[in-house]
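So you can see what is in the structure, the chains are spelled out below.
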Amino acid sequence: MDYQQIRAFLTIVDTNSVSKAAELLFVTQSSISKKLKSLEDELGTRLIYREKGLRRIHLTPDGERFYPLAVEYKNTNQRLEQFCEGEARSSLRVAGVDSLNSSVLAPLYPELLRRCPGLELTITTNQTSYIYEMVNRQDFDLGFVLSEYRWPNVVVEPFIRQRFNLVICSDAPLDENRVYSPEQLDPTLEVFQPWGSVYQRWHEYWWPKNGYYIKVDTVSLASEALFKENYWSIVPDSVAALYRGNPKFHIFELSPAPPERQCYLIRNRYPQNSCIRAIAEFKEILAELQEEYGSRPL
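Residues numbered from 1 in each chain as written. Predicted model: local features only at pLDDT ≥ 70, side-chain atom pairs only at ≥ 80, totals over all residues. Heavy atoms only, no water.

Undergrad: Just checking my understanding: could you explain the sheet that holds strand β12 (residues 249-254) for this structure?
TA: In sheet architecture, strand pairing relies on hydrogen bonds along the backbone and comes in two forms, parallel and antiparallel. With mixed pairing, the 4 strands of this open sheet are ordered in space as β8-β12-β7-β11. The sheet is open, and its two borders are formed by β8 (179-180) and β11 (232-236), each paired with just one other strand. As paired elements, β8 and β12 share 2 bridges and run parallel to each other. Residue Tyr-180 lies in a different strand from β12, and its bridge partner there is Leu-254. (Pairing = 2+ DSSP bridges. Helix = DSSP H or I, 4+ residues; strand = E, 2+ residues; numbered from the N terminus.)

Here it is as structure tokens:
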């Protein structure tokens, strides 16, 4: 048994496809199939069902029992490589959607580095579906996402709930005690940001024709587009906080408001040893944030 066999098996399982696993590992399908077959021959048992016509692979009972052992083998191999290189450093790879990374999480990363000296921290911004896939494959250790999906090796935990606010750009002073109704807003002046499927349904109810001025997918782009008189955007409270202090931006309540946005923390069920301490420290930092955003504990 060698690491390449284990890697082939884990990649096939995590991608649910021999062809996708081969593409990810930059080898041919026949090559990765041979590695799997040699592993099964060495173990004396079948690990994966590969009946014709099935688009997804399925683990046998022995495959189910072998999977966590294969993950442990992979993690041990990585630790041995670090030991041989003299770099047994702790590491943490975090992926989050833009709105959480840029507003909620950005101030927390320096505190994590302070509590974990020498931590090798990697931060990535991406979409929810991709983050799930990469956490499932252990390419990321933690993810911060906007939807709850089921993946075989991913643990999903509620993170924070966020209320929505209306932001209006205006050089003139405005009464920020005023409460706006969606009916009072001109959709042709909207800087629209997609905040998840629940928000999308609420938005389509009030503005079914989607006649917004511009649609953007990052907080930084929205800030640039919003710098026009009377233009407006609806944003989570953590993003609204980024606009406070700028006299051009005014924050208002909406009634009826969009449903609160539930955010989730996701992690792999079998974390690598190199990130366990950092995950524990980061979750302590996140727990300290809970009261501020009115969320239940992790």
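The structure having been displayed, the exposition proceeds.
Undergrad: How should I be thinking about helix α3 (residues 29-43) in this particular structure?
TA: Given 3.6 residues per helical turn, the α-helix brings residues three or four places apart onto the same face. Taking 1.5 Å per residue as the helical rise, α3 with its 15 residues ought to reach 21 Å, and the 21 Å between its terminal C-alpha atoms agrees with that figure. Looking one or two places after α3, you find Gly-44, whose phi comes out positive at around 75°. (Expected span 1.5 Å × (residues − 1).)

Undergrad: What am I meant to see in the environment of His-250 here?
TA: For His-250, the location among the structural elements is in strand β12. The exposure class of His-250 is buried, given its relative accessible area of 6%. Expressed as a C-alpha distance, the spacing of His-250 and Val-18, which sit 232 residues apart in the sequence, is 53 Å. Beyond its immediate stretch of four places on either side in the chain, His-250 contacts Leu-166, Val-167, Ile-168, Ser-170, Ala-172, Pro-173, Leu-174 and Glu-176. Here Ser-170 takes part through its backbone oxygen, which lies 3.0 Å from a polar atom of the side chain of His-250. Polar side-chain contacts of His-250 include one of 3.1 Å to the side chain of Glu-176. (Buried < 20%, exposed > 50% of the residue type's maximum accessible area, 1.4 Å probe, protein only. Contact = heavy atoms within 4.5 Å. Polar contact = N/O pair within 3.5 Å; in protein donor to acceptor, adjacent residues only side chain to side chain.)

Undergrad: When you look at the packing of helix α1 (residues 3-15) against α3 in this model, what are you seeing that I'm missing?
TA: Working note: a packed helix pair is described by the angle between its axes plus the distance between those axes. Between α1 and α3, whose axes approach to 9 Å, the crossing angle comes to 110°. Here α1 lies roughly perpendicular to α3, going by the angle between them. Crossing of α1 against α3: the hand is left-handed. Between α1, through Gln-4, Gln-5, Ile-6, Ala-8, Phe-9 and Ile-12, and α3, the contact on the second element is made entirely by Ile-32, Lys-35, Leu-36, Ser-38, Leu-39 and Glu-42. For the contact of α1 with α3, the residue count by class is 7 nonpolar, 3 polar and 2 charged. (Axes fitted to C-alpha atoms, helices over the stretch in contact; angles between N-to-C directions. Parallel < 35°, antiparallel > 145°, perpendicular 65-115°, else oblique. Left-handed = near helix turned anticlockwise from the far one by under 90°. Nonpolar A, V, L, I, M, F, W, Y, C, P; charged D, E, K, R; others polar.)

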